[in-house]
Amino acid sequence: MLLIKLFNLFKGYVVILVKGTFPERFLNLCTRRKIFLWNIKREENMTANISIQDFKRLKEISKKSFCRIHIIKKVGLPFFIYKHKKRKAMVIGIVGIAVVLYIMSYFVWAVQIIGNTNISYDLLEQELYNAGVKSGVLRKNIDTYSVRNKLMINIPELSWMSVNIKGTTAVVEIKERNILPPAFPKDQPCSIVAKTGGVIEVANVVEGERLISPGDVVQKGQILVSGVLEGDLAGIRYVHSDGDIVATTWHEKTFDLPMYKEVKNYTGKEKSKHSLKILDFCVKLYIDGEVSYENYERKTFEKRLSLGNGFVLPLSFNYDKYFEQTVSKIKMTEKEAVEETYKLMDNELKETKIINRQYEIKNNKLKVIYTCRENIVEKVGFEFDSY
Amino acid sequence: MTKGMKTLKEKPVKNFKERLNNIFDMPTDVILDVPKVTVTSDNNVVIENFGGILEYSQNLIKVKTKSKIIGVSGNRLVICLITDNDIIIEGIIESVRWE
C-alpha cells in the first residue's frame, strides 16, 4: 500500500467534494467510464480522491448527475512543482544536491574490514591505503584483483581475502592463517629433551634411542630421546628423533595475601565531546575540551551518514562520552583469592590437561599446585661431526 | 404457504451457461459474472463483479449485482476503492445481506 501511496503522490491527485442529491449516480457514471476513484467518504457531502487526468473528464459526468464538484485539496508532485516554479534558487538547490549525490556515488567513502582477529586493524588499513583502497578514490580505479594480490604478498598471516565494492563502501573480508611455531626441520638430526620436569607416563618413541621409561622422574632439560645411535656395525648415526612423551607434571605458584580487587563506581558525572567529521577534516562541536576526571571510562562511537544501506557519505558524527568513576580497592576473601588465582593458572596452563588443583595457605602466602598431564617433548639440535 | 413450499421443491432453473459450468466443473465466479464477496475481519469487504451503487451513506451501502442486491451496513463506511468491477468497503461492518 505504501508503494501505491507513493505512486499517487508522485503522479498527483485531487481531493474533490461532490455536492448533489444523488452522488450514487455520480459514482456509477464514473465506474462506467472507468474513472478511478478511491477513499470515498460520505458525511453530509461526499469526498473522494481522483487522479489529475480523470478529473478533467468529470465535467460531463457532473452535468449528467446534477452534482457540483469542488476541489478541496491538491496533493502531489505536479502541484508542488507548479507552486514552486518561480523559486529558482530552490530548484537549483535540489538539482545541485542530486548532481552532487550522483557524483559522490562514484567514489569510495568508507572501508570496512571484516574478519580480523590477530592482524591489527591499523596494519590492514595502512596496507589497503598503500594498495589504493581509501576513502575518496574513484570506484572504478580500485582493481580488486591487484589489491588482493598485494595484500596477500605483504601480509603473510592472510590466508584468503576478498575486496567487494558495495555502494560507496569497500568491504574487505579476510581470513587469517594460524601460524604454528616453527617446527624443527625434519632433515636435521635432533634429540628430545624435557620441557618441564615430571613423571613419565607414556613414552612412544618413533625414531631415536629412548633413554627413559614410564615411571621415571625427569628434570627439566634432561635428554629423553637421543638422536645419536651407536651401532656395532654401522658406527655412529645421527637421526631426527621423534615421538610422544606424556608426563604428569606439577606447576606451583605462590601469591601474597591478602589480594585486592579494584571496584569501579560511576559518580554520575559525565562529559561529552561531539565532533563532525567531513572526509579527514574534523569540526569540533565543543568548547571546553579538557576532561578533569581522575578516573574515567570513555565511550566512543561513530555514526556515519548514509543513504540506504550501500550509499555511505563521507560525513560522520563522532560521539565521545566520558563518565567519571571512583576506583576503590577492596580486600578479597580467601575463597575469592583462590578462585582468582585458579583463573590465572587455568589460563596459563591452557594447553595441558589439568588433573588436579590444590592450594595451601600459610603465613599470608597462597600456594597453588596444579597437577597436569602434558606432552613434554622439546626438540633440540646438537653439534655433530659431519661425514 | 403452499406456494412457498412449492417453490422450494421446484428445481432451480439453470440456464445454459450454468449447466455448461456444472459439466466442466469450473469455478463459478470466473465463468459467470456472479458476485464474489470477501469479508476480512469486521472492517473490510470486497465485492467483485458488482453492477452499480444504489445507495451510499455512512451506515449503509447497497450494491446492485446481477441477481440480487447486496446491502452492507455498519458504521463509518468508506469506499476505499471503486472500479468498474470491484468495490472495497472499509469501516466497522455489522452485516452483509442479500436482499
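Keep in mind the model is a prediction, meaning the values are calculated, not measured. (Residues numbered from 1 in each chain as written. Chains lettered and ligands numbered in written order. Predicted model: local features only at pLDDT ≥ 70, side-chain atom pairs only at ≥ 80, totals over all residues. Heavy atoms only, no water.)

Got a sec to walk through the overall build of chain B? Specific residues and values, please.
Within chain B one finds three helices and six strands. Mapped from its N terminus to its C terminus, chain B presents α and β elements in the order α-α-α-β-β-β-β-β-β. Per-residue burial over chain B gives 27% buried out of 99 residues. In chain B, the share of contacts with a sequence separation of at least 24, taken over all contacts with a separation of at least 6, comes to 37%. (Helix = DSSP H or I, 4+ residues; strand = E, 2+ residues; numbered from the N terminus. Buried < 20%, exposed > 50% of the residue type's maximum accessible area, 1.4 Å probe, protein only. Contact = heavy atoms within 4.5 Å.)

Report on the overall build of chain A, specifying residues and quantitative values.
A count of helices and strands for chain A gives nine helices and 24 strands. Classification of the 387 residues of chain A by burial places 32% in the buried group. As presented, chain A carries roughly 26,100 Å² of accessible surface, and 54% of it is formed by carbon and sulfur atoms. (Areas by Shrake-Rupley, 256 points an atom, 1.4 Å probe, with all protein chains shown as cover.)

Give a detailed account of the sheet that holds strand S20 (residues 295-307) of chain A, specifying residues and quantitative values.
All names here are of chain A. Pairing is antiparallel across the open sheet formed by four strands, whose spatial order is S19-S18-S21-S20. The open sheet has two free edges, formed respectively by strand S19 (281-284) and S20, since each of these has just one partner strand. Averaged over all pairs of adjacent strands, the angle between strand axes in this sheet comes to 35°, irrespective of strand direction. For S20 and strand S21 (residues 311-331), the ladder comprises 12 bridges, and the chain directions are antiparallel. Residue pairing in the sheet places Leu 307 in a bridge with Phe 311 of S21. Its contacts with the sheet place helix H6 (residues 88-104) against S20 and S21, and it is angled at close to 75° to S21. (Pairing = 2+ DSSP bridges. Axes fitted to C-alpha atoms, helices over the stretch in contact; angles between N-to-C directions.)

Just give me the short version of the sheet that holds strand S14 (residues 223-226) of chain A, but keep the residues and values in it.
Each strand in a sheet pairs with its neighbour through backbone hydrogen bonds, running either in the same direction (parallel) or in the opposite one (antiparallel). All names here are of chain A. One open sheet holds the four strands; their spatial order is S12-S14-S10-S24, and the pairing between them is antiparallel. This sheet does not close on itself; its edge strands, each paired only once, are strand S12 (209-210) and strand S24 (377-381). By the bridge criterion, two bridges tie S12 to S14 in an arrangement that is antiparallel. By the bridge assignment for S14, Glu 209 is matched with Ser 226.

So what about the interface of chain B and chain A? Which residues, and what values?
On the side of chain A, 16 residues touch chain B, which itself brings 15 residues to the contact. Carbon and sulfur atoms make up 59% of the surface buried where chain B meets chain A, a total of about 1,300 Å² over both sides. On the surface where chain B and chain A come into contact, there are one salt bridge. The salt bridge partner of A:Lys34 is B:Asp84, with a shortest N-O separation of 3.3 Å. (Buried area = accessible area lost by both parts, 1.4 Å probe. Salt bridge = Lys/Arg side-chain N within 4 Å of Asp/Glu carboxyl O.)

Give me the lowdown on the environment of A:Gln325, citing residues and values where you can.
Residues and elements named next belong to chain A. Relative to the helices and strands, Gln 325 is located in strand S21. Among the residues examined, Gln 325 registers a relative accessible area of 7% and is labelled buried. Each C-alpha atom of the pair Gln 325 and Lys 269 lies 8.3 Å from the other, and the pair is 56 residues apart in sequence.

Pulling in residues and values, what's your account of the nonpolar core?
Within the largest apolar cluster, 32 residues are counted, with the highest numbers of intra-cluster contacts made by A:Phe26, A:Leu37, A:Ile40, B:Ile47, B:Ile79 and B:Ile87. Of the residues forming this core, the biggest block, five residues, is contributed by strand S5 (residues 69-82) of chain B. One finds A:Leu124, A:Val147, A:Ile155 and A:Met161 within the second-largest nonpolar core, a separate group that totals 18 residues. (Core = buried A, V, L, I, M, F, W, Y, C linked by side-chain atoms within 4.5 Å.)

Provide a residue-level description of the packing of helix H7 (residues 121-131) of chain A against helix H8 (residues 144-154) of chain A, including the pertinent values.
Residues and elements named next belong to chain A. Packing of H7 against H8 leaves a shortest axis separation of 10 Å and a crossing angle of 135°. One way to sum up the angle between H7 and H8 is to call them oblique. Crossing handedness for the pair H7 and H8: right-handed. Each of Leu 124, Glu 127, Leu 128 and Ala 131 in H7 lies in contact with H8, whose residues at this interface are Val 147, Lys 150, Leu 151 and Asn 154. When the residues that make up the contact of H7 with H8 are grouped by side-chain class, the tally is five nonpolar, one polar and two charged. (Parallel < 35°, antiparallel > 145°, perpendicular 65-115°, else oblique. Left-handed = near helix turned anticlockwise from the far one by under 90°. Nonpolar A, V, L, I, M, F, W, Y, C, P; charged D, E, K, R; others polar.)

Lay out helix H2 (residues 23-32) of chain A with the relevant residues and their values.
Residues and elements named next belong to chain A. When you tally the buried positions in H2, you get eight out of 10 residues, the bulk of the element. Turning to H2, its buried residues number three or more, namely Pro 23, Glu 24, Phe 26, Leu 27, Asn 28, Leu 29, Cys 30 and Thr 31. In the segment just after H2, Lys 34 is the residue with positive phi, at about 60°.

Give a description of the confidence of the model for chain B that names residues and reports values.
With 84% of its residues at a pLDDT of at least 70, chain B reaches an overall mean of 82. Of the two predicted TM-score estimates for the complex, the pTM is 0.46 and the ipTM is 0.76. (pLDDT = per-residue confidence, 0-100.)

Go over the pairing of S19(A), please, and point to the residues and values.
Residue and element names in this part refer to chain A. The sheet contact formed by strand S18 (residues 260-278) and S19 spans four bridges and is antiparallel. Bridge assignment links Lys 277 to a residue of S19, and that residue is Cys 282. Counting the residues that bridge the hairpin from S18 to S19 gives two residues, and of these Leu 279 lies at a positive phi of roughly 50°.

Pulling in residues and values, what's your account of the packing of aromatic side chains?
Given two aromatic rings, their pairing is described by the distance between the two centres and the angle made by the two planes. All names here are of chain A. For the structure on display, the rule yields 10 aromatic pairs over all chains. With centroids separated by 5.8 Å and ring planes inclined at 40°, the aromatic side chains of Phe 36 and Trp 38 adopt a geometry described as tilted. Judged by relative accessible area, which is 34%, Phe 36 ranks as partly exposed. A ring pair is formed by Tyr 342 and Tyr 370, whose centres lie 5.9 Å apart and whose planes are at 80°; its orientation type is edge-to-face. Here Tyr 342 is found in helix H9 (residues 334-348), whereas its partner Tyr 370 is found in strand S23 (residues 365-375), with 28 residues between them in sequence. When its relative accessible area of 15% is taken as the criterion, Tyr 342 is described as buried. These aromatic residues form a ring-pair network of at least three members: Tyr 13, Phe 36 and Trp 38. Over the face of the ring belonging to Tyr 342 we find Arg 357, whose NZ or CZ atom lies 4.9 Å from the ring centre. (Phe/Tyr/Trp six-rings, centres within 6.5 Å; stacked < 30°, edge-to-face > 60°. Lys NZ or Arg CZ within 6 Å of the ring centre and 35° of its normal.)

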